[in-house]
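Observations on the three-dimensional arrangement
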Amino acid sequence: AGPFGDLSLLRPPKRVQFPSSFLEWSAVYDGDSVVLDNSQSTLQFNLELCTGMLPCMLEVAGDNYSLEFTAEGRISCQKASGCEHVSIRSLHIRDEAGQRRPLAPLAVDGTALTLSGSSLSGFSTIAESGAITCTQLGALQVQDSVFERLHSESGAGAISITESGCDVSIKSSTFQSCGGQSGGAIQSLSSLSIVDSIFSGCTAASRGGSVSSYDGASITVSGTLFADSHAVQHGGAIDCAGCSLQIAQSTFSQCSSSGSGGAVSMREYIRDPNPSLLPTALISSTFFERCSCKESGGAIFQERGNIAVTASVFGGCTAGASGGGICLRNAKGNMSGLLALGNQADGAGGGAVYLEDSPVTVEALSARGNVAGAGGGGVLLWQGAKPQVSWSDDVCGVVSDGWLCGAGRTPDLVYGGCRECPHGMFQPEPLFGRCLPCGEGATSEPGSAAASDCVCNVGYTVATANSDEANVTMPDTPLGRGPAIAMHTLCVRCAPGHYKDHVGQGECVPCPPGSFQATSGASSCEACPAGTFLPRTGSTSCDVCPRFTRSPIGSSAGDACTLARFQGDQMTASCRGMCKCGLLDAWEGNLTDGSGAESYLSDSACEWIIAPQGALAFELTVTNLDLADHDFVSVYTCQTLL
């Protein structure tokens, strides 16, 4: 990573302790792993990785430790400087002071950054991102990570993709209480994939309470929860201007905006003098529950472009103007297999759906309890171009039993009827709802009905007040009665040196003497190998026996290290009989079996190891030797040494 770091091609990679000064980074080379071995370290300078003459790659491994950033602390990976790829694993990056900083703490410019099992929290910037920026055809992969209490005054609260061509993948990650100007959590001008993640309590001062995208961006969302997300203008959860948006098997719960689109807002992007870009949307198997806006489209608002909405549910959504569930203006497309329950439009009408100059096809619409306060059309109201509409048997009537699944079960939008929530998920709603993930490190029995049914898996324990992830929570997202968001405690990995071998809410246990565990999230400990010992608990490595001594596997005390007895190239643990076997590592000395004037005991076997440091040969002088018949003395070269 230093000026001549690329000379590392001449030697193998190594693991090094996290450097505390900029100059120390010159000793970190291509392929090395930088490891934090303290529970709390600090970065006090702007660190530009891999500034050598040739490209390099680097891994920073935190082993679940924390790295505190000062106001000047920053890590950047720029292709122009030679940085090809940086991987950050199991590291908790934070700014507890919440200092207002000019730049995001992590930056990727034309290169790749991988973030796994890590977290960023407490950062506040005046830059385009509160945590990570990605520019110039870069790549960002985020998995099993947490973004909490991040804020940007001019951009996205957590991640900003400021140029097209920077591909970003988010998987199994949580964004909690993030806020920004546009995109409370993420702003994207490029390709963005979000899978099995959670956005909770994110806000935007303008558009996109959780995600904002525009100018030809492509966004794919699958298996993701957006809860209590708010935008001051449009798109309570997602705002899309001239972009392509795909949403599948996701949930939007209590999202809101002061403009249009309580959950999702889509519109054209004007690029004078270039042609405008129209939005396209494909939404399937998704739940919108109790979303709201002050203007039109309590859940979804789209102006121009194309849209397809299939097999989705809209429940308890409200709009101050038109379209309690959906509002389309000058848009084309189709909607099929929708269920609308208890939606309301207080202004122009269309309690569930409002269409204005939008010749869409509406097939198999099921509805009950939808209300238009003034404009008419309790279920559907259109103006201008007439849509083609076909109704199911459930319009204004009783919803079919296929949707009344009960807690712990969810509608099967493919085959009909209901199915149990699988392992690791729960569903608390008595009417209908989507199965929600318990979160990383947690599991549950099939058919679980509450967040409290989620328990920590092997290798994980409940986060405590002192845990790095203790304050990160997951929403329960109910549709119906009770609090808007019920929280349950997260599970965190067992620290190195500890383990947990059962499913449940028990604590991680320190590894007993004679065993160790070097990694986090372990379900068992490893026995100390032969030649080592460990008298302590909760350790990550074993102590090595002194030179020329050996111990059995799993030794817990230093006295288990006994002098190695050599026979050719084989070693045993101890000597037989009453002799005093010994090691002679001085340049001269005397050997004796300890019998003195007495006869040595029968069936005795004595050995001495002669091994002075640096010696190439030795001279042995026998002064007194009295052996019984069939006894012998052998002098030979040992082939196996410790």
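Nothing here was measured: the structure is a model prediction, and the numbers come from that model.

What about the overall build of the chain?
Broken down by element type, the chain carries zero helices and 73 strands. Counting every position in the chain, which comprises 642 residues, the buried fraction comes to 50%. If you sum the accessible surface of the chain, you get close to 27500 Å²; carbon and sulfur atoms cover 50% of it.

A few points about the environment of Gln383
In this fold, Gln383 is placed in strand 50 (residues 380–383). In this structure, the C-alpha to C-alpha distance between Gln383 and Tyr354, residues 29 residues apart in sequence, is 8.3 Å. Once you skip the residues sitting within four places of it in the chain, Gln383 turns out to touch Tyr354, Leu355, Glu356 and Asp357.

Things to note about the pattern of salt bridges
The tally for this structure, following the rule as stated, stands at seven salt bridges. Put simply, Glu148 and Arg149 hold a salt bridge, and the shortest N to O gap is 3.9 Å. One salt bridge in this structure joins Arg536 and Asp543, with 3.1 Å as the shortest N-O distance.

A word on the pairing of strand 14 (residues 139–143)
Burial along strand 14 is one-sided: the face carrying Leu140 and Val142 is buried and the face carrying Ala139, Gln141 and Gln143 is not. Relative to strand 14, strand 10 (residues 112–116) runs parallel, the two sharing five bridges. Bridge pairing in strand 14 places Leu113 opposite Leu140. The sheet contact formed by strand 14 and strand 18 (residues 167–171) spans five bridges and is parallel. Its bridge partner being in strand 18, Gln143 is matched across the sheet by Lys171.

So, the nonpolar core
Within soluble globular proteins, side chains that are nonpolar tend to cluster in buried spots. Counting residues in each nonpolar core, the largest one holds 80 residues, and the members touching the most others are Phe147 and Phe252. Among the elements that make up this core, the one with the highest residue count is strand 7 (residues 83–94) (five residues).

A look at the state of the cysteines
Any covalent bond linking the sulfur atoms of two cysteines counts as a disulfide. Following the criterion strictly, the structure yields eight disulfides and no others. With its sulfur 2.1 Å from that of its partner, Cys456 forms a disulfide with Cys491. Of note, the bridge from Cys456 to Cys491 carries an S-S torsion of about -95 degrees and is left-handed in sense. Residue Cys456 is found in strand 57 (residues 455–456), and its partner Cys491 is found in strand 61 (residues 491–493); the two are separated by 35 residues along the sequence. Cys456 sits in the buried class, given a relative accessible area of 0%.

Details of unusual backbone geometry
Even without being glycine, Asp144 reaches a positive phi, approximately 50 degrees. Position of Asp144 relative to the elements: it lies in the loop between strand 14 and strand 15 (146–148). In this structure Asp144 comes out as partly exposed when scored by relative accessible area, which is 24%.

What to know about the confidence of the model for the chain
Of the residues in the chain, 78% reach a pLDDT of 70 or more, and the chain-wide mean stands at 79. Contacts from residues 465–488, a stretch scored under 50 in pLDDT, to residues over four places away or in other chains number 77 contacts.

So, a nonpolar patch on the surface
Where nonpolar side chains cluster on the molecular surface, the patch consists of Leu591, Phe618, Leu620, Val622, Leu625, Leu627, Val633 and Val635 and spans about 750 Å² of accessible area. Residue position: Val635 is located in the segment after strand 73 (608–610). By relative accessible area, Val635 is classed as exposed at 59%.

Digging into the packing of aromatic side chains
The tally for this structure, following the rule as stated, stands at seven aromatic pairs. Ring centres 4.6 Å apart and planes at 0 degrees place the aromatic pair Phe175 and Phe199 in the stacked group. Of this pair, Phe175 sits in strand 19 (residues 174–176) while Phe199 sits in strand 23 (residues 198–200), placing them 24 residues apart in sequence. Considered together, Phe175 and Phe199 belong to a single accessibility category, that of buried residues. Ring geometry for Phe199 and Phe226: centres 4.9 Å apart, planes at 10 degrees, overall stacked. Remark: Phe226 occurs in strand 27 (residues 225–227) and Phe199 occurs in strand 23; sequence separation between them is 27 residues. Phe199 gets classed as buried once you look at its relative accessible area, which sits at 0%. The structure contains a cluster of three or more aromatic residues connected by ring pairs, namely Phe147, Phe175, Phe199, Phe226, Phe252, Phe288 and Phe314.

Parameters at a glance
- Residues numbered from 1 in each chain as written.
- Predicted model: local features only at pLDDT ≥ 70, side-chain atom pairs only at ≥ 80, totals over all residues.
- Heavy atoms only, no water.
- Helix = DSSP H or I, 4+ residues; strand = E, 2+ residues; numbered from the N terminus.
- Buried < 20%, exposed > 50% of the residue type's maximum accessible area, 1.4 Å probe, protein only.
- Areas by Shrake-Rupley, 256 points an atom, 1.4 Å probe, with all protein chains shown as cover.
- Contact = heavy atoms within 4.5 Å.
- Salt bridge = Lys/Arg side-chain N within 4 Å of Asp/Glu carboxyl O.
- Pairing = 2+ DSSP bridges.
- Core = buried A, V, L, I, M, F, W, Y, C linked by side-chain atoms within 4.5 Å.
- Disulfide = S-S within 2.5 Å.
- pLDDT = per-residue confidence, 0-100.
- Patch = residues over 30% accessible without salt bridge, like charges linked within 9 Å, V, L, I, M, F, W, Y side chains within 5 Å.
- Phe/Tyr/Trp six-rings, centres within 6.5 Å; stacked < 30°, edge-to-face > 60°.

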